[in-house]
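Spelled out, the chains give:
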Amino acid sequence: MSTKGVPTGGSDGGGVIVAQQLIKDYRRSRQRPGLLGALRGLVSRDVEEHRALDRLDLRVEPGEFVGLLGRNGAGKTTTIKLCCGLLRPSAGEVRVLGHQPWRREFAFLRRIAVVLGNKAMLWWDVSPMDSYLVHRAMYDLDHDDFARRVAGLAELLDVTTVLDVPVRQLSLGQRMKCELLAALLHRPEVLFLDEPTIGLDVVSTAAVREFLAEVNRRDRTTIVLTSHDMDDVEQLCDRVLLVDDGRLGYDGTVADLVARTSPDKELRLTFRHPPQLPAVWPRGTRMVGREGTSVELRAERDAVPALLGAAAGWGELVDLDVGDADLDQVMRDVLAGR
Ligand SMILES: Nc1ncnc2c1ncn2[C@@H]1O[C@H](COP(=O)(O)OP(=O)(O)OP(=O)(O)O)[C@@H](O)[C@H]1O
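Residues numbered from 1 in each chain as written. Predicted model: local features only at pLDDT ≥ 70, side-chain atom pairs only at ≥ 80, totals over all residues. Heavy atoms only, no water.

So the rule is basically this: UniProt positions are given in the numbering used here, feature names are shortened, and annotations may be inferred rather than shown by experiment.
In the nomenclature of an unreviewed UniProt entry, the protein corresponds to ABC-2 type transport system ATP-binding protein from the organism Microlunatus kandeliicorticis. The record held by UniProt for the protein lists under Subcellular location (unreviewed entry) the comment "Cell membrane".

Structure follows, in structure tokens:
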């Protein structure tokens, strides 16, 4: 069943993206260390297979905003590249809007868009508008509709005044906004984003987030994003998929993920002298690190007041830092089933 304005998922039972037992192996060359190794490498290289995705299953429904999370090297970018056809699976199956992405059929490509942090769509030496005109020709967009679309998106993204400035003269934030505009010109049904807010200042980050939420809400565009920024994920995503060593480690709502992890606080206590730590930790507390006269603890939210009371007896406290667990810690906890 399809709701008005909501893209249909093709022949995969309504799923826009359906991956089953997806495997991606890369061939990686290894070079021995030193000059001799470098010289040998000119003639022959040791090649090894590296499994980046290991029987990954995932499913995304029409109009969802999904966050793909995971540690560095977990396989997030590989997943995105497989979904938009930049890579071909080694085994298993992925279908997007009913297409096999790696075939790169035009009928498929005009229904999706991808913004990869390290791969620009805009040409460096010309203005964004010049690149958009090439997109217009490539996708055979109606002239009036194109002009309205550029104007509307530029206003939403607050880049109207820079559309005629060479890309190389734009700030990082302006460039990312102009990249997003380019990606959305042909009204893709699915948008893949790899770290869309990386390196942006708080103002640009907020603007990009607001824009993406609006595109998802207004056009019902299905969006899959990777991010290391928990705020991106919390503010935008209905659901998160955690990739761990090429497998799906967690699939659930952000609220559920937060509920499972937010009870914990991270504390860093620094003493003037090496502290006399207790043999038995106060209830709900555990040590996660120790360095010099500092000790790092994780404690359940309710246990923090009693912990701070107890810490006064371990030595002379000179500094205290209390915060929420960072995303890596959250992921480790979820994957460890804590
Ligand atoms: N072109 C390639 N050739 C060989 N190995 C690769 C290639 N691209 C990625 N890999 C390896 O595959 C694994 C997954 O990489 P991928 O880029 O998908 O991870 P990621 O989750 O996106 O990481 P990050 O958060 O650092 O961007 C890593 O171990 C990486 O070294």
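1. Some details on the overall build of the protein
For clarity, the cut-off: Helix and strand definitions here come from DSSP, where helices need a minimum of 4 consecutive H or I residues and strands a minimum of 2 consecutive E residues; each element is numbered from the N-terminal end. To sort residues, take the accessible area from a 1.4 Å probe on protein chains only and compare it with the maximum for the residue type: under 20% means buried, over 50% means exposed, and anything in between is partly exposed. Contacts are assigned to residue pairs that have any heavy atoms within 4.5 Å of one another. Values of accessible area rely on a 1.4 Å probe in the Shrake-Rupley scheme; residue burial ignores everything except the protein chains shown.
Broken down by element type, the protein carries 11 helices and 13 strands. Here the protein, with 338 residues, has 45% of them falling under the buried criterion. Residue pairs in contact within the protein that sit at least 24 positions apart in sequence constitute 70% of those at least 6 positions apart. Split by element, the accessible area of the protein, about 17300 Å² in all, is 49% carbon and sulfur.

2. A closer look at the confidence of the model for the protein
Heads up, the condition is: Known as pLDDT, the predictor's confidence for each residue is given on a scale from 0 to 100.
Mean pLDDT over the protein: 86, with 89% of residues reaching 70 or higher. Looking at the elements of the protein, mean pLDDT is at its lowest for helix α11 (residues 327-335), recorded as 61, and at its highest for strand β4 (residues 91-96), recorded as 96. Long-range and interchain partners of residues 1-10, a stretch whose pLDDT sits below 50, account for 19 contacts in this model, where long-range means more than four residues apart.

3. Here's the deal with the site of the ligand
Rules: By convention in this text, a residue qualifies as near a molecule or strand provided that one of its non-hydrogen atoms is within 4 Å of it. Nitrogen and oxygen atoms within 3.5 Å of one another constitute a polar contact, given that in protein one can donate a hydrogen and the other can accept it, and given that sequence-neighbouring residues count only through two side-chain atoms. Residue polarity is assigned by list, with Asp, Glu, Lys and Arg as charged and Ala, Val, Leu, Ile, Met, Phe, Trp, Tyr, Cys and Pro as nonpolar; anything else, Gly included, falls into the polar class.
Every one of the 13 residues lining the ligand counts as a neighbour, but G73, G75, K76, T77 and T78 are closest to it. In the model, an oxygen atom of the ligand is placed 2.9 Å from a nitrogen or oxygen of the N72 side chain. Taken by itself the ligand offers 640 Å² of open surface, and the protein chains cover 65% of this. Examining the composition of the shell around the ligand, we find that 3 residues originate from one element, helix α2 (residues 76-83), more than from any other. The residue makeup of the shell around the ligand, split by class, is 3 nonpolar, 7 polar and 3 charged.

4. Some thoughts on helix α7 (residues 202-219)
Here is the rule we go by: By this rule the span expected of a helix is its residue count minus one, scaled by 1.5 Å. Arc definition: directions from the helix axis to the C-beta atoms.
The end-to-end C-alpha separation of α7 is 25 Å, in line with the 26 Å expected for 18 residues at 1.5 Å each. When α7 is considered as a whole, its buried residues turn out to be S204, T205, V208, R209, F211, L212, V215 and N216. The buried residues of α7 occupy one face: seen down the axis, they fall within an arc of 160 degrees. Exposed residues pointing more than 90 degrees away from the buried face of α7 are listed as V202, V203, E210 and R217. Buried residues in α7 make contact with β3 (65-69), α5 (143-157), α6 (172-184), β6 (190-194), β7 (222-226) and α8 (230-236). By the N-cap criterion, in which a side-chain oxygen at the helix start approaches the backbone nitrogen of a residue two or three places on, α7 is capped by D201, the distance to V203 being 3.1 Å. One or two residues past the end of α7 sits R220, with phi positive at roughly 60 degrees.

5. Re the sheet that holds strand β5 (residues 112-116)
As a reminder, the rule being used: For two strands to count as paired, DSSP must find a minimum of two bridges between them. Orientation is described by axes fitted as lines to C-alpha atoms, over the contacting stretch for helices, and by angles from 0 to 180 degrees between their N-to-C directions.
What the 6 strands build is an open sheet, ordered β5-β6-β7-β3-β8-β9; its pairing is mixed. Taken across any chain shown, the strands that pair with only one partner, and hence form the sheet edges, are β5 and β9 (247-253). Across the sheet, the axes of successive neighbouring strands diverge by a mean angle of 15 degrees, strand direction being ignored. Pairing of strand β8 (residues 239-244) with β9 involves 6 bridges; the strand directions are antiparallel. Bridge pairing in β9 places R239 opposite T253.

6. Notes on unusual backbone geometry
Phi angles above zero are rare outside glycine, and L97 is one such case at about 55 degrees. Along the chain, L97 falls in the loop between β4 and α3 (106-109). By relative accessible area, L97 is classed as buried at 2%. Its identity as a non-glycine residue notwithstanding, D245 has a phi of 50 degrees, on the positive side. Note that D245 resides in the loop between β8 and β9. On the accessibility criterion, D245 (63% relative accessible area) is exposed.

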